[in-house]
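Close look at the chain arrangement
Each chain is listed here by its residues.
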Amino acid sequence: MFLHQLDLTTALRPSLLPEETLLFVQDAVGLYEGKFKIPQYQNGQSYLTSHRVCYVDHREPRKSSVAIFLKDVEKPEFYAGFLKSSPKITLHPKPLKQLSRGASVPPSPQAASPSSSTPPRYSSPAPAPPATSATWVCPICSFSNPVPSNFDPALASRTLIPPCLACGIKPPTVHVVKAAIAAISNRPAPGPPPKDVKSGVPASTPSGGSVLACPRCTYQNHPSLLNCEMCGASLTTAVDRRLDLLQEPSRPQSPGPTLTSPLQPESVECIKISFRSGGGPIFYERLKNALVQRKWLLQSAPPIPKPRPASGTFNDSYTTKSDISSAEVERPRVVGIAGLERRGLEQRQNNEAMIGGAFEDLEALMTSAKEIIALAEQFASQANLGTNGSSEASALASQSASALSLMTTKDMLGSGSGSESLYVSELSRNLAEWLTDDTRGVLRKEGGIMTLVDLWAVFNRARGGVELVSPADFEKAARMWDTLKLPVRLRKFKSGLLVVQGRDRTDDKTIASLLAWLKALHLEPPVTEVTWDWQAYGRGITAQETAERFGWSVGVATEELEMAEEAGALCREQGIDGFRFWENWLVNMPGATAGA
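As annotated in an unreviewed UniProt entry, the protein chain carries the name Vacuolar protein-sorting-associated protein 36 and comes from Clathrospora elynae. The Subunit (unreviewed entry) comment attached to the protein chain in UniProt states, word for word, "Component of the endosomal sorting complex required for transport II (ESCRT-II)."

As a further point, take helix α19 (residues 543-550). Where α19 is concerned, the buried positions are Ala543, Thr546, Ala547 and Phe550. For α19, the arc enclosing every buried residue in end-on projection is 100 degrees, short of the 170-degree limit, so these residues lie on one face. More than 90 degrees from the buried face of α19, the exposed residues found are Glu548 and Arg549. Each element contacted by the buried residues of α19 is listed here: α17 (507-520) and α20 (554-566).

Before going further, it helps to spend a moment on the packing of aromatic side chains. Any two aromatic rings considered together are summarised by their centre-to-centre distance and by the angle between their planes. This model, assessed by the stated rule, comprises 10 aromatic pairs. A centroid spacing of 5.9 Å and a plane angle of 75 degrees characterise the contact between phenylalanine 24 and phenylalanine 283, whose relative ring orientation is edge-to-face. Of the two residues, phenylalanine 24 sits in strand β2 (residues 22-33) while phenylalanine 283 sits in helix α5 (residues 280-293), which places them 259 residues apart along the sequence. Using a relative accessible area of 0% as the deciding quantity, one classes phenylalanine 24 as buried. Here phenylalanine 283 falls in the buried class, since its relative accessible area comes to 0%. Between tryptophan 517 and phenylalanine 550, the ring centres sit 5.8 Å apart and the planes meet at 90 degrees, which makes this aromatic pair edge-to-face.

Here we take up the side chain of asparagine 221. Structurally, the position occupied by asparagine 221 is in strand β12 (residues 220-221). Its relative accessible area of 1% is what places asparagine 221 among the buried residues. Within the local environment of asparagine 221, its side chain forms a polar contact with the backbone oxygen of tyrosine 219, the two atoms lying 2.8 Å apart. There is a polar contact of 2.9 Å between the side chain of asparagine 221 and the backbone nitrogen of glutamate 229. With sequence-adjacent residues up to four places away left out, asparagine 221 is seen in contact with Val211, Leu212, Cys214, Asn227, Cys228, Glu229 and Leu235.

For the pair helix α12 (residues 419-435) and helix α14 (residues 452-462), interaxial distance at closest approach is 12 Å and the crossing angle is 90 degrees. Between α12 and α14, the angle falls in the class roughly perpendicular. In this structure, α12 contributes Leu427, Leu431, Trp434 and Leu435 to the contact, and α14 contributes Leu455, Val458, Phe459 and Ala462. Tallied by class, the residues present in the contact of α12 with α14 amount to eight nonpolar, no polar and no charged.

With that settled, consider the nonpolar core. One finds Trp434, Leu435, Leu455 and Trp481 to be the most contacted residues of the largest nonpolar core, which totals 27 residues. Broken down by element, the residue count for this core peaks at seven residues, all from α12. Listed in part, the 26 residues of the second largest apolar core include Phe2, Leu70, Leu91 and Phe275.

Tallied over the entire structure, the rule returns 14 salt bridges. With a closest N to O distance of 3.2 Å, arginine 52 and glutamate 20 form a salt bridge. Taken together, the residues span a long stretch of sequence, with arginine 52 in strand β5 (residues 52-57) and glutamate 20 in the loop between β1 (4-5) and β2 at a distance of 32 residues. The two residues arginine 52 and glutamate 20 agree in class, both being buried. Between aspartate 482 and arginine 503 there is a salt bridge whose closest N-O contact spans 2.9 Å. Of the two residues, aspartate 482 sits in helix α16 (residues 481-484) while arginine 503 sits in the loop between β18 (498-502) and α17, which places them 21 residues apart along the sequence. For arginine 503, a relative accessible area of 35% puts it in the partly exposed group. A cluster of three or more residues bridged by salt bridges with shared partners is formed by Arg13, Glu426, Arg429 and Glu433.

This part takes up unusual backbone geometry. Not every positive phi belongs to a glycine, and alanine 28 is a case in point at roughly 55 degrees. One can find alanine 28 in strand β2. Positioned with a positive phi, serine 142 is a non-glycine residue whose angle comes to about 60 degrees. Residue position: serine 142 is located in the loop between β9 (135-137) and β10 (144-146).

Quick look at the state of the cysteines now. By definition, a disulfide links the sulfur atoms of two cysteines through a covalent bond. Applying the stated criterion to the full structure yields zero disulfides. Looking at cysteine 167, it has no disulfide partner, and the nearest cysteine sulfur is the one in cysteine 138, 3.6 Å off. This cysteine, cysteine 231, is not joined by any disulfide, and cysteine 217 carries the nearest cysteine sulfur, 3.5 Å off.

Parameters at a glance
- Residues numbered from 1 in each chain as written.
- Predicted model: local features only at pLDDT ≥ 70, side-chain atom pairs only at ≥ 80, totals over all residues.
- Heavy atoms only, no water.
- UniProt positions renumbered as here; feature names shortened; annotations may be inferred.
- Buried < 20%, exposed > 50% of the residue type's maximum accessible area, 1.4 Å probe, protein only.
- Helix = DSSP H or I, 4+ residues; strand = E, 2+ residues; numbered from the N terminus.
- Arc of directions from axis to C-beta.
- Contact = heavy atoms within 4.5 Å.
- Phe/Tyr/Trp six-rings, centres within 6.5 Å; stacked < 30°, edge-to-face > 60°.
- Polar contact = N/O pair within 3.5 Å; in protein donor to acceptor, adjacent residues only side chain to side chain.
- Axes fitted to C-alpha atoms, helices over the stretch in contact; angles between N-to-C directions.
- Parallel < 35°, antiparallel > 145°, perpendicular 65-115°, else oblique.
- Nonpolar A, V, L, I, M, F, W, Y, C, P; charged D, E, K, R; others polar.
- Core = buried A, V, L, I, M, F, W, Y, C linked by side-chain atoms within 4.5 Å.
- Salt bridge = Lys/Arg side-chain N within 4 Å of Asp/Glu carboxyl O.
- Disulfide = S-S within 2.5 Å.

Structure follows, in structure tokens:
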């Protein structure tokens, strides 16, 4: 099975496998099966990872998202595009996958049913122009030369064109391209009336597709000429009109018969990824590098043996006891302070060897990235022993190793006019995925709501100093949560304070939680003696007490209390010690309620 169903995160991004890293992201892509478009898979984003090529659709991401494992890809091919055709990357499955599909090319094309795969869909592109009808006229000596049989107009810039057979001068590429396009098309040239054909036109024009009519005198010229041989009028406009006629009917033929589902392995010949907004060459280069590295083979590989600090032998689980030298076996076991000192010395030697080997070159650093990050976190935890190392902010900042897998840097995004918006949308998805992660619990620890400034500071600290996000980009990404329909949203209070909260959190739920807390205070006696009936009226609360109760910041607590006051659920008391908020007994008096 070449195509697999893709699991998405809460931010509608591909759920990465263990040891899988993100390499590149490109938007405005579509999928082809052979030469034909796949419906519902024409507007989405393509994610290249170290293990897979993923497609996430914009309209229905949960339904129309697929993945291709790189281990199932035989070879990729890149098509640079031509005229209205977008650049494409073709992924061919391995031969075993192709053989297991069954009858891929039936013997009788007319016997195939409409629901089955269409027989004429082959993986090869348009057929090459025949050499008999494709000729180009040399602009120097006017000699008619044949176009090479393997000449492809789409690859004209990279194809070696032979010189003229008469004068030996190399022709311009545009002449050969026009001659090849004119030979491919079998359409009659506009201009000559039908009576000329019936009255016996000379046999020099057997096929109407190999001549070009002059727009002024209707003389039929050779398609490679720029000016009419009879009146000297320019043929450029006619050539352009002819190219439009060639391209207009070719685009609607691209989808062909409608495919029911791309997840049927017997109907998949090859998958093409069409890049309509650029980014194809960079995607192709990184795809080739991922296929060369083959990091998916490291999932089941045994750990790399580490050298012993005391000797040059390797310490791995496959070494038998007989291979260990007798000196190491008979080494006395040291306990107490001397044993702790020796253990610390061996640990420092291991750290020095790891750091020295990792920073030799960039490849070694990427290979041992996890070990280096774990070592840096160990040093950070040792440095925070004397400080407030148990704070929640320090705990969040120490998760930079796991944050690396969620990071989308600007070098992972495709180029083009929409690269900036793509970066902001991917940053918005990263933020939403990071906030809704249950293992981190960022919003849960903050009471379900936190200010945008605090979130910006914590998020940049969690990135470990790599690719820090500017405040402007951070605010743009937060404002895109509603557009992308992510599970978090940006909220603006009356005072202008911007906060981040879950989409399921509403004002009614906040007011209900505040009133439930105030009603619970009717059962708790106050710390100091009061002059009112606290069992009937309860007591007032401050913004500081509310922040401590729900885990909010003081600014958020003040805004929430004022919001409940505007809704009529609370009332305010202004005293010497500041403001206190009570249940709104001005509307619902206990005595009046009891009398009623």
